[in-house]
Amino acid sequence: MVVQSGPFTARSEGIDTLEKVGEYEFLNDLVRLDTLEALTHPLVDYLRKTFNAQTVTVIRFLKEGLPVTLLADIQDAALHQFFDAQYARIGYMLDPFCIAAFGSAEFTAHQLREIAPDRFETSEYHAQYYAKTGLVDELGATLRLSTDVALHLSLGRTRSHGRFRTAELRYFRQLSPIIMYRLRTIMRRFEDVPALHSVPDLIDRYQNISGDGTKALSRREAEIAALIVQGHSSRAAGLCIGISDQTVKVHRRNIYKKLQISSQNELFSLLVENMKGD
């Protein structure tokens, strides 16, 4: 007999029972194991099988420092190499999950498109970084450990596997709080948070850039430059900072004039150049 069961699709009763057993075994491991090293295999194995994820990462975001990768299970060798080389260099700074990590909520769980800027997929960040990861979608859960530190779990899907479905997102929202609060307990017991080494945020970086060495951006112009490079349209950028889209367009023209550029591609390139000295 076929019944509607399991997190996502119709399955036989026998298969559903096996899935439940697998879930119980994973939750038992989650409670029983008390180091990230010991938990890594059952955590990755269960998340890969349940969500058909091609990447599983756990990252510690620092409000005033570079991210710390605690776990990166990325089976594609080229993608793993790209992540290792580029994420802590530039990827994190425009990562929608990192940007949202220090909002008002202690815990959040989202699909990428729920928190990405409205023009994320046509942004230079997407073209120059995100598309090169091979990912087309992510599920991400973030839990703040303190005012300045947040823990992030990400599940990624590559092009060949398509986007996560609504039922998968629903189950992720049920499961991820259990995982994240357990990881927080483990982190607090066994790992010291590294000292924060201040690095410029996007706004600071754009204020430090000038096209001819004399015309630095104002704070408001730097804010808008940061929003543009993240993938926000003029309308969305205006909503973020409480001004009209026409005012954003005026600021955008002034930004391009001061920096002696004419496109978002060049605006992104200036950011990359600025970060090479880190």
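The text that follows walks through the structure, step by step, so that each part is easy to find. (Residues numbered from 1 in each chain as written. Predicted model: local features only at pLDDT ≥ 70, side-chain atom pairs only at ≥ 80, totals over all residues. Heavy atoms only, no water.)

## Examining the packing of helix α9 (residues 219-230) against helix α11 (residues 245-259)
Running from N to C, α9 and α11 cross one another at 95°; their axes reach a closest spacing of 9 Å. For the element pair α9 / α11, the angle class is roughly perpendicular. Across from Arg-220, Glu-221, Ile-224, Ala-225 and Ile-228 in α9, the residues of α11 making contact are Val-248, His-251, Arg-252, Asn-254, Ile-255 and Lys-258. Taken together, the residues of the contact of α9 with α11 sort by class into 5 nonpolar, 2 polar and 4 charged. (Axes fitted to C-alpha atoms, helices over the stretch in contact; angles between N-to-C directions. Helix = DSSP H or I, 4+ residues; strand = E, 2+ residues; numbered from the N terminus. Parallel < 35°, antiparallel > 145°, perpendicular 65-115°, else oblique. Contact = heavy atoms within 4.5 Å. Nonpolar A, V, L, I, M, F, W, Y, C, P; charged D, E, K, R; others polar.)

## Quick look at the packing of aromatic side chains
If you walk through the whole model with that rule in mind, you get 9 aromatic pairs. Between Phe-51 and Tyr-171, the ring centres sit 5.7 Å apart and the planes meet at 25°, which makes this aromatic pair stacked. You can see Phe-51 sitting in helix α2 (residues 36-51) and its partner Tyr-171 sitting in helix α7 (residues 166-190), a full 120 residues away along the chain. For Phe-51, a relative accessible area of 0% puts it in the buried group. Between Phe-120 and Tyr-125 the ring centres are 6.0 Å apart and the planes differ by 55°, which places this aromatic pair in the tilted class. Residue Tyr-125 is classed as buried on the basis of its relative accessible area, which comes to 1%. By the ring-pair criterion, three or more aromatic residues cluster together here, those being Phe-82, Phe-120, Tyr-125, Tyr-129 and Tyr-130. (Phe/Tyr/Trp six-rings, centres within 6.5 Å; stacked < 30°, edge-to-face > 60°. Buried < 20%, exposed > 50% of the residue type's maximum accessible area, 1.4 Å probe, protein only.)

## Structural notes on unusual backbone geometry
Phi is positive for Asn-52, which is not a glycine, with a value near 50°. Within the secondary structure, Asn-52 is located in the loop between α2 and β3 (55-62). For Gln-260, which is not glycine, the phi torsion reads 60° and is therefore positive. Among the structural elements, Gln-260 can be located in the loop between α11 and α12 (264-275).

## Some details on the sheet that holds strand β4 (residues 68-74)
As summarised here, the arrangement of the 5 strands in space is β4-β3-β7-β6-β5, forming an open sheet in which the pairing is antiparallel. Looking at strand neighbours, the two that pair on one side only are β4 and β5 (107-111), the edges of this open sheet. Within the sheet, the average angular offset between the axes of one strand and its neighbour, ignoring direction, is 15°. Inspection of the sheet shows β3 paired to strand β7 (residues 149-158) by 8 bridges, in the antiparallel sense. By the bridge assignment for β7, Arg-60 is matched with Leu-151. Running over the sheet, α2 touches β3, β4, β6 (135-144) and β7 and is turned about 45° from β4. Helix α3 (residues 77-86) rests against β3 and β4 of the sheet, and its axis sits at about 170° to β4. (Pairing = 2+ DSSP bridges.)

## Quick notes on the nonpolar core
Tyr-87, Tyr-206, Ile-255 and Leu-267 are the most contacted members of the largest nonpolar core, which has 45 residues in total. Put simply, the parts of the chain that give this core at least two residues each are β3, α3, α4 (96-100), α8 (202-207), α9, α11 and α12. Setting aside its immediate chain neighbours within four residues, Leu-267 contacts Tyr-206, Ala-225, Ile-228, Ile-255, Tyr-256, Leu-259 and Ile-261. Ranked by size, the runner-up nonpolar core spans 34 residues in total, among them Leu-43, Val-58, Phe-172 and Ile-179. (Core = buried A, V, L, I, M, F, W, Y, C linked by side-chain atoms within 4.5 Å.)

## As for the environment of Ile-224
Here Ile-224 lies in helix α9. A sequence separation of 16 residues divides Ile-224 from Cys-240, and the C-alpha atoms of the two residues are 9.5 Å apart. Residues in contact with Ile-224, not counting those within four places in the same chain, are Ile-241, Ile-243, Val-248, His-251 and Ile-255.

## Some thoughts on α12
With 12 residues, α12 should reach 16 Å at 1.5 Å per residue; the first-to-last C-alpha distance of 17 Å fits that figure. Taken together, the buried positions of α12 are occupied by Gln-264, Leu-267, Phe-268, Leu-271, Val-272 and Met-275. Angularly, the buried residues of α12 cover 140° about the axis, an arc narrow enough to put them on a single face. Where the residues of α12 are buried, they touch α6 (124-128), α8, α9 and α11. (Expected span 1.5 Å × (residues − 1). Arc of directions from axis to C-beta.)

## Brief notes about the side chain of Thr-50
Position of Thr-50 relative to the elements: it lies in helix α2. On the accessibility criterion, Thr-50 (15% relative accessible area) is buried. At 2.8 Å, the side chain of Thr-50 and the backbone oxygen of Tyr-46 are in polar contact. (Polar contact = N/O pair within 3.5 Å; in protein donor to acceptor, adjacent residues only side chain to side chain.)

## Digging into the environment of Leu-217
On the secondary structure map, Leu-217 appears in the loop between α8 and α9. Here the alpha-carbon distance between Leu-217 and Asn-254, two residues 37 residues apart in the chain, equals 8.7 Å. Once residues lying within four places of it in the same chain are set aside, the contact partners of Leu-217 are Tyr-206, Gln-207, Ile-209, Ala-222, Ala-225, Ile-255, Lys-258 and Leu-259.

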